[in-house]
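Results of the structural survey
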Amino acid sequence: MKTRSAGYQAILMRDSEASRLILANALRTEKNSALQNLILKALAGFRHPDFTRILVDKLVEDGDLGIRLAALGALNGVEDKALPSFYRKLISSPESELPLVQKSLDNLEALPPETSNGIWTILAATETLSLPIRIRAVQNLGKNNHEESESVLEGILDEDLDDLRQATRNALHSISPERYAEYDGYGRIPLVVSSAGLG
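From a predicted model like this one, the values you see are computed outputs, not experimental measurements.

**As for the pattern of salt bridges**
- In the structure shown here, the tally under the stated rule is 12 salt bridges.
- Salt-bridge contacts for arginine 68 lead to glutamate 97; the nearest nitrogen and oxygen are separated by 3.8 Å. With arginine 68 in helix α5 (residues 65-75) and glutamate 97 in the loop between α6 (83-92) and α7 (98-109), this pair connects stretches of sequence that are 29 residues apart.
- By relative accessible area, glutamate 97 is classed as partly exposed at 30%.
- Taken together, the shared-partner salt bridges in this structure form one network comprising Asp106, Glu109 and Arg136.

So this is what it looks like as structure tokens:
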């Protein structure tokens with residue numbers, strides 16, 4: 001282990017894209033968790049399509065939660081067209097541990113709205129997902145002012161989940177204030193009405 005660690009450090013000292021790709025490819029065969037973490041930390045901020053694919057492979061194939069979380073951390077901020085759908089699978093899978101779900105949500109939020117809005121819309125509409133995930137998806141649609149999600153959000157208003165309905169009202173108001181009044185409580189009483197009633 002000490003010999004491999006020294007070898008990885010020597011490769012990194014070359015300070016080139018080629019040396020970083022050598023380290024990235026070492027992740028495919030390295031089985032020691034401590035050394036995998038060492039490599040992932042050494043490659044923090046490295047951006048390359050091959051490294052992205054290696055990280056995704058680690059997430060799919062590796063059973064070590066710590067390594068999978070480190071791989072997700074390395075992917076944070078990476079813009080790759082395949083990643084939003086990959087995050088959705090991790091978030092939606094009943095087999096995903098909660099830390100993986102939370103980190104995948106963080107990564108999705110780090111992407112540009114034009115890349116993530118479609119996935120947020122799917123997550124918001126998926127009734128089998130947990131309430132916190134759906135609320136977070138709705139909130140992101142509101143924050144991103146995603147007009148194309150209005151019909152989906154309007155459908156959510158018919159669900160018998162007060163917290164979700166309130167978050168949806170707030171999101172719709174953010175997207176189109178002139179069409180959707182700002183609501184109080186659980187999405188039932190317009191604030192402009194209640195304020196007028198107070199004189």
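Moving on from the coordinates now.
**Describing the nonpolar core**
- In this structure, Phe51, Tyr87, Leu108, Leu123, Val138 and Leu153 are the most contacted members of the largest nonpolar core, which totals 51 residues.
- Beyond its immediate sequence surroundings of up to four residues, phenylalanine 51 is in contact with Ala24, Leu27, Leu40, Leu43 and Phe46.

**Looking at unusual backbone geometry**
- Here the phi dihedral of aspartate 15 falls at roughly 50 degrees; this positive angle occurs in a residue that is not glycine.
- Mapped onto the elements of the fold, aspartate 15 is located in the loop between α1 (2-12) and α2 (17-26).
- By relative accessible area, aspartate 15 is classed as exposed at 55%.
- Positive phi, normally seen in glycine, also occurs at asparagine 145, with a value near 50 degrees.
- In this fold, asparagine 145 is placed in the loop between α9 (131-143) and α10 (150-156).

**What about the layout of surface pockets?**
- The calculated volume of the largest pocket comes to roughly 160 Å³.
- Considering the residues around the largest pocket, the lining is formed by 14 residues, among which Ile91, Leu98, Val101, Ser130 and Ile133 are closest to the centre.
- Those elements giving two or more residues to the lining of the largest pocket turn out to be α6, α7 and α9.
- Take the lining of the largest pocket: its biggest share by element is 4 residues, from α7.
- Each residue belonging to the lining of the largest pocket can be placed in one class, and the counts come to 8 nonpolar, 5 polar and 1 charged.

**Looking at the environment of leucine 123**
- Mapped onto the elements, leucine 123 comes out in helix α8 (residues 113-125).
- Given the relative accessible area of 0%, leucine 123 is considered buried.
- The sequence separation of leucine 123 and asparagine 145 amounts to 22 residues, and the corresponding C-alpha distance is 16 Å.
- Among residues more than four places away in sequence, those in contact with leucine 123 are Arg88, Ile91, Ser92, Leu105, Leu108, Leu129, Arg134 and Ala137.

**A look at the confidence of the model for the protein**
- Here the protein shows a mean pLDDT of 89. Residues at 70 or above account for 91%.
- No element of the protein has a lower mean pLDDT than helix α12 (residues 191-197), at 41, and none a higher one than α9, at 98.

**Details of the packing of aromatic side chains**
- Evaluated as defined, the whole model comprises 2 aromatic pairs.
- With 5.5 Å between their ring centres and 35 degrees between their planes, phenylalanine 46 and phenylalanine 51 make a pair best called tilted.
- A relative accessible area of 9% places phenylalanine 46 in the buried class.
- Classification of phenylalanine 51 by relative accessible area gives buried; the value is 2%.
- With 6.5 Å between their ring centres and 50 degrees between their planes, phenylalanine 86 and tyrosine 87 make a pair best called tilted. Summarising the burial analysis for this pair, phenylalanine 86 and tyrosine 87 share the class buried.

Calculation criteria
Residues numbered from 1 in each chain as written. Predicted model: local features only at pLDDT ≥ 70, side-chain atom pairs only at ≥ 80, totals over all residues. Heavy atoms only, no water. Salt bridge = Lys/Arg side-chain N within 4 Å of Asp/Glu carboxyl O. Helix = DSSP H or I, 4+ residues; strand = E, 2+ residues; numbered from the N terminus. Buried < 20%, exposed > 50% of the residue type's maximum accessible area, 1.4 Å probe, protein only. Core = buried A, V, L, I, M, F, W, Y, C linked by side-chain atoms within 4.5 Å. Contact = heavy atoms within 4.5 Å. 1 Å grid on protein atoms, 1.4 Å probe; cavity = no way out; pocket = protein on both sides within 12 Å on 5 of 7 lines; lining within 4 Å. Points joined across faces, edges and corners; volume = space filled by probe spheres on them. Nonpolar A, V, L, I, M, F, W, Y, C, P; charged D, E, K, R; others polar. pLDDT = per-residue confidence, 0-100. Phe/Tyr/Trp six-rings, centres within 6.5 Å; stacked < 30°, edge-to-face > 60°.

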